[in-house]
Amino acid sequence: MTNLPSVFLGLNTLERVYGIFQRKTGQFAAACQKGCSHCCTCNVTLTSLEAAFIFARLDQAGIEALEKRISAAKDGPRFRPALTTNGFAAACMSQDKVPEEENDPSWGPCPLLENGMCSIYPVRPLGCRNMVSKSSCGKTGYADMPPMALTLNNLFLQYVEGMDTCGFSGNLTDMLDLYITAGAAVGPGGSAPLYLSFEKLQDFDKKGVFIGNRPVPAWMIPPEHRDVAVPVLKELNTAG
Ligand code: SF4
Ligand code: SF4
């Protein structure tokens, strides 16, 4: 585990990246409002840096509430990714077969949902932030995301993974449970959350449910979206 000071800059940069994401994609969330939570399933994924961010920004009461919720949800089925976003991009580039992944929204709601609202909303990961829709999912049964929203979602997912190449990715419940089990949620003295690197993961991950993060092999930006996406990328590169 690494003490927070060495990832402190990464957490601050992540916060700025979340802010840029909100500014660039808020327009696609016309139907999203407080209390709408059809998209909050137990299948959300995140990076280890984002998990460190959650624990670093929650207060002690927030961490204790999160621990109870995660502990009660540990045994249910949930989506476990076989590839990260950058792993997927690399597989596409090399024309490798992309492994099949099982993902079923009926596996249930996110354990961090409380009375239809997110109990960690200000610090939720990108996998939650990028669920947006222009019309109500409750009425249509699906999220209405224009192609540009998908492109920007992928761009930000690739960027955040690329910020955390010492780390790894996985399901939100698995990841938060790992941080709690490893004692990384609350560090020595009870106040200093820690960051788990991929190197240290092997000491704690008995189930093998996480995958190492990768650098960006190439940006998944369709030619018709370059005029919007490239300036966003330039802005991201000044976020650090
Ligand atoms: S993506 Fe759909 S379910 Fe989620 S908040 Fe927006 S409208 Fe509601
Ligand atoms: S962490 Fe929050 S926003 Fe994300 S799926 Fe869970 S309840 Fe929804």
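For the structure, see preceding data.
All figures in this text were calculated on a predicted structure; none of them were measured in a lab.

Cut-offs applied
Residues numbered from 1 in each chain as written. Chains lettered and ligands numbered in written order. Predicted model: local features only at pLDDT ≥ 70, side-chain atom pairs only at ≥ 80, totals over all residues. Heavy atoms only, no water. Near = heavy atom within 4 Å. Nonpolar A, V, L, I, M, F, W, Y, C, P; charged D, E, K, R; others polar. Pairing = 2+ DSSP bridges. Helix = DSSP H or I, 4+ residues; strand = E, 2+ residues; numbered from the N terminus. Phe/Tyr/Trp six-rings, centres within 6.5 Å; stacked < 30°, edge-to-face > 60°. Buried < 20%, exposed > 50% of the residue type's maximum accessible area, 1.4 Å probe, protein only. Lys NZ or Arg CZ within 6 Å of the ring centre and 35° of its normal. Core = buried A, V, L, I, M, F, W, Y, C linked by side-chain atoms within 4.5 Å. Contact = heavy atoms within 4.5 Å. Axes fitted to C-alpha atoms, helices over the stretch in contact; angles between N-to-C directions. Left-handed = near helix turned anticlockwise from the far one by under 90°.

A.B. asks: Before we move on, can you summarise the site of ligand 2 with the specific residues and values?
C.D. replies: In the vicinity of ligand 2, the residues found are Cys 40, Val 44, Cys 110, Leu 112, Leu 113, Cys 118, Arg 124 and Cys 128. Counted by class, the shell around ligand 2 contains seven nonpolar, no polar and one charged residues.

A.B. asks: Which residues make up the sheet that holds strand 2 (residues 45-47), and what values do they have?
C.D. replies: Within the open sheet, the three strands sit side by side as 2-5-7. Their pairing is antiparallel. Because the sheet does not close on itself, it has two edges, and the strands there are strand 2 and strand 7 (211-212). Alignment of strand 2 against strand 5 (residues 168-171), held across three bridges, turns out to be antiparallel. Bridge pairing links Thr 45 to Asn 171 in strand 5.

A.B. asks: Describe the site of ligand 1, listing the residues and the values that go with them.
C.D. replies: The immediate surroundings of ligand 1 are formed by Ala 31, Cys 32, Cys 36, His 38, Cys 39, Met 131, Val 132, Ser 133 and Cys 137. The residue inventory of the shell around ligand 1, partitioned by class, reads seven nonpolar, two polar and no charged.

A.B. asks: Lay out the packing of aromatic side chains with the relevant residues and their values.
C.D. replies: Remark: the centre distance and the inter-plane angle together describe each pair of aromatic rings, the angle taken between the planes. In the structure shown here, the tally under the stated rule is six aromatic pairs. Judged by centre distance (6.5 Å) and plane angle (45°), the rings of Phe 168 and Phe 198 are tilted. You can see Phe 168 sitting in strand 5 and its partner Phe 198 sitting in helix 9 (residues 198-201), a full 30 residues away along the chain. A residue is classified by how much of its surface remains accessible, and Phe 198, at 33% relative accessible area, is partly exposed. Grouping aromatic residues by their ring pairs yields a cluster made of Phe 168, Phe 198 and Phe 210. Positioned above the aromatic ring of Tyr 18 is the side chain of Arg 129, whose terminal nitrogen or guanidinium carbon lies 3.8 Å from the ring centre.

A.B. asks: Pulling in residues and values, what's your account of the nonpolar core?
C.D. replies: Counting residues in hydrophobic clusters, the biggest one holds 52 residues, and the most contacted among them are Leu 66, Phe 156, Leu 176 and Leu 236. Mapped onto this core, the elements with two or more residues apiece are helix 1 (4-25), helix 2 (48-57), helix 3 (60-72), helix 7 (147-162), helix 8 (172-181) and helix 10 (226-236). At seven residues, helix 7 tops the list of elements feeding residues into this core. If sequence neighbours within four positions are ignored, Leu 236 has contacts with Val 17, Ile 20, Leu 155, Phe 156 and Tyr 159.

A.B. asks: Talk me through the packing of helix 2 against helix 8; I want residue IDs and the actual numbers.
C.D. replies: For the pair helix 2 and helix 8, the least separation of the axes is 10 Å and the interaxial angle reads 65°. Considering how the two elements wind past one another, helix 2 and helix 8 form a crossing that is right-handed. Across the interface between the two elements, Ser 48, Ala 51, Ala 52, Ile 54 and Phe 55 of helix 2 pack against Met 175, Leu 176, Tyr 179 and Ile 180 of helix 8. Split into classes, the residues belonging to the contact of helix 2 with helix 8 amount to eight nonpolar, one polar and no charged.

A.B. asks: Which residues make up the environment of Ala 31, and what are the values?
C.D. replies: Inspection of the secondary structure puts Ala 31 in the loop between helix 1 and strand 2. Taking the C-alpha atoms as reference points, Ala 31 and Ala 143, separated by 112 residues in sequence, lie 9.5 Å from one another. With near-sequence residues (within four places) excluded, Ala 31 lies in contact with Ser 133, Lys 134, Ser 135 and Ser 136.

A.B. asks: Describe in detail unusual backbone geometry, supporting the description with residues and values.
C.D. replies: With phi around 55°, Gln 95 is a residue other than glycine that occupies positive phi space. Position of Gln 95 among the secondary structure elements: in the loop between helix 4 (85-93) and strand 3 (113-114). A positive phi angle, near 50°, is found at Asn 115, a position not held by glycine. Mapped onto the fold, Asn 115 is located in the loop between strand 3 and strand 4 (117-118).

A.B. asks: Quick one: what's the story with the environment of Cys 137, residue by residue and with numbers?
C.D. replies: Relative to the helices and strands, Cys 137 is located in helix 6 (residues 137-140). The spatial distance from the C-alpha of Cys 137 to the C-alpha of Lys 200 is 40 Å, given a sequence separation of 63 residues. With residues up to four places along the chain from it excluded, the contact list for Cys 137 reads His 38, Tyr 142 and Ala 143.

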